[in-house]
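Fold and geometry: a report
Residue strings, one per chain:
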Amino acid sequence: LKRYSGLVSSWVFRKSKDAKWADRARKAKFLMKKWADCKWNFQNKLYLMEAEEAFCCNDIANAEYLYEKALSSAREHRFIHEEALAHELAGHFFLELNRKGTAVEHFMQAHEKYLQWGAVAKSNSVLEFVQRVLGKMSILGTCTVPGLISSSNGNVDKEDKNTRKRMPER
């Protein structure tokens, strides 16, 4: 629970710039550091909290490095859901940096990992976010986004991977 409160606090701080949220994130990270002695279970969580903190502090190079460490640790320890979350948060990080292609790659990895984990609604939510936000930025003309296709009128439609038929937006 502390991990999620730390991640949420970082997110709210980035949006509000209210220092109380940064303080909450730091406290949650401090507690996570104690638990991270058990590397197998907590290392990826700590890396992700540190990546979010670096993002909040505009320490771009360190944030990018820490997102990769979080992803690698989650993958190594087979925490599919935590790998999905790390990809999703990294996607938001790269989107904020206007690195749209890299953001799409992370969002699509998050989508795939959430599906592997069985979180279909969350996976769909990520796809809908990509469609809604990144589709408006005209990124789809320059990047390949699996699971999404662009129709002749420029709208982005979902594609049913099993039948390869276009499915209308909801």
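Before going into details, it helps to say that this report is about the structure given with it. (Residues numbered from 1 in each chain as written. Predicted model: local features only at pLDDT ≥ 70, side-chain atom pairs only at ≥ 80, totals over all residues. Heavy atoms only, no water.)

**Digging into the overall build of the protein chain**
Across its full length, the protein chain holds 7 helices and 3 strands. Beginning at the N terminus, the succession of helices and strands in the protein chain can be written as α-α-α-α-α-α-α-β-β-β. By residue count, 45% of the 170 residues in the protein chain fall in the buried class. Long-range contacts, defined here as pairs at least 24 residues apart, represent 44% of the contacts in the protein chain between residues at least 6 apart. As presented, the protein chain carries roughly 9600 Å² of accessible surface, and 52% of it is formed by carbon and sulfur atoms. (Helix = DSSP H or I, 4+ residues; strand = E, 2+ residues; numbered from the N terminus. Buried < 20%, exposed > 50% of the residue type's maximum accessible area, 1.4 Å probe, protein only. Contact = heavy atoms within 4.5 Å. Areas by Shrake-Rupley, 256 points an atom, 1.4 Å probe, with all protein chains shown as cover.)

**Some details on helix H6 (residues 100–117)**
Over its 18 residues, H6 extends 25 Å from the first C-alpha to the last, a length consistent with the 26 Å expected when each residue adds 1.5 Å. Those residues of H6 not exposed but buried are Ala103, Val104, His106, Phe107, Met108, Ala110, His111, Lys113 and Tyr114. Positive backbone phi, at 100°, marks Gly118, one or two positions downstream of H6. (Expected span 1.5 Å × (residues − 1).)

**Some details on the packing of helix H4 (residues 60–76) against helix H5 (residues 80–96)**
At a minimum axis distance of 8 Å, the contact between H4 and H5 shows a crossing angle of 160°. If you check the angle between H4 and H5, you find them roughly antiparallel. Seen from above, H4 lies across H5 with left-handed handedness. Contact residues: H4 offers Ile60, Ala63, Glu64, Tyr67, Ala70, Leu71, Ala74 and Arg75, while H5 offers Glu82, Glu83, Ala86, His87, Leu89, Ala90, Phe93 and Phe94. The residue inventory of the contact of H4 with H5, partitioned by class, reads 11 nonpolar, 1 polar and 4 charged. (Axes fitted to C-alpha atoms, helices over the stretch in contact; angles between N-to-C directions. Parallel < 35°, antiparallel > 145°, perpendicular 65-115°, else oblique. Left-handed = near helix turned anticlockwise from the far one by under 90°. Nonpolar A, V, L, I, M, F, W, Y, C, P; charged D, E, K, R; others polar.)

**A few points about the side chain of Ser123**
Relative to the elements of secondary structure, Ser123 occurs in helix H7 (residues 120–136). If sequence neighbours within four positions are ignored, Ser123 has contacts with His111, Tyr114 and Leu115.

**Side note on the pattern of salt bridges**
What the rule picks out here adds up to 5 salt bridges. Put simply, Glu64 and Arg99 hold a salt bridge, and the shortest N to O gap is 3.1 Å. Here the residue Glu64 occupies a position in helix H4, and Arg99 occupies one in the loop between H5 and H6, the gap between them amounting to 35 residues. Residue classification places Glu64 among the partly exposed residues on the basis of a relative accessible area of 30%. Given a relative accessible area of 33%, Arg99 falls into the partly exposed group. Here Lys122 ties to Glu88 by a salt bridge, and the two come within 3.0 Å at their closest N and O atoms. Taken together, the positions of Lys122 in helix H7 and Glu88 in helix H5 put the pair 34 residues apart, joining distant regions of the chain. On the basis of relative accessibility, which here comes to 31%, the residue Lys122 falls in the partly exposed class. Connected through shared salt-bridge partners, Arg75, Glu83 and Lys113 make up one network. (Salt bridge = Lys/Arg side-chain N within 4 Å of Asp/Glu carboxyl O.)

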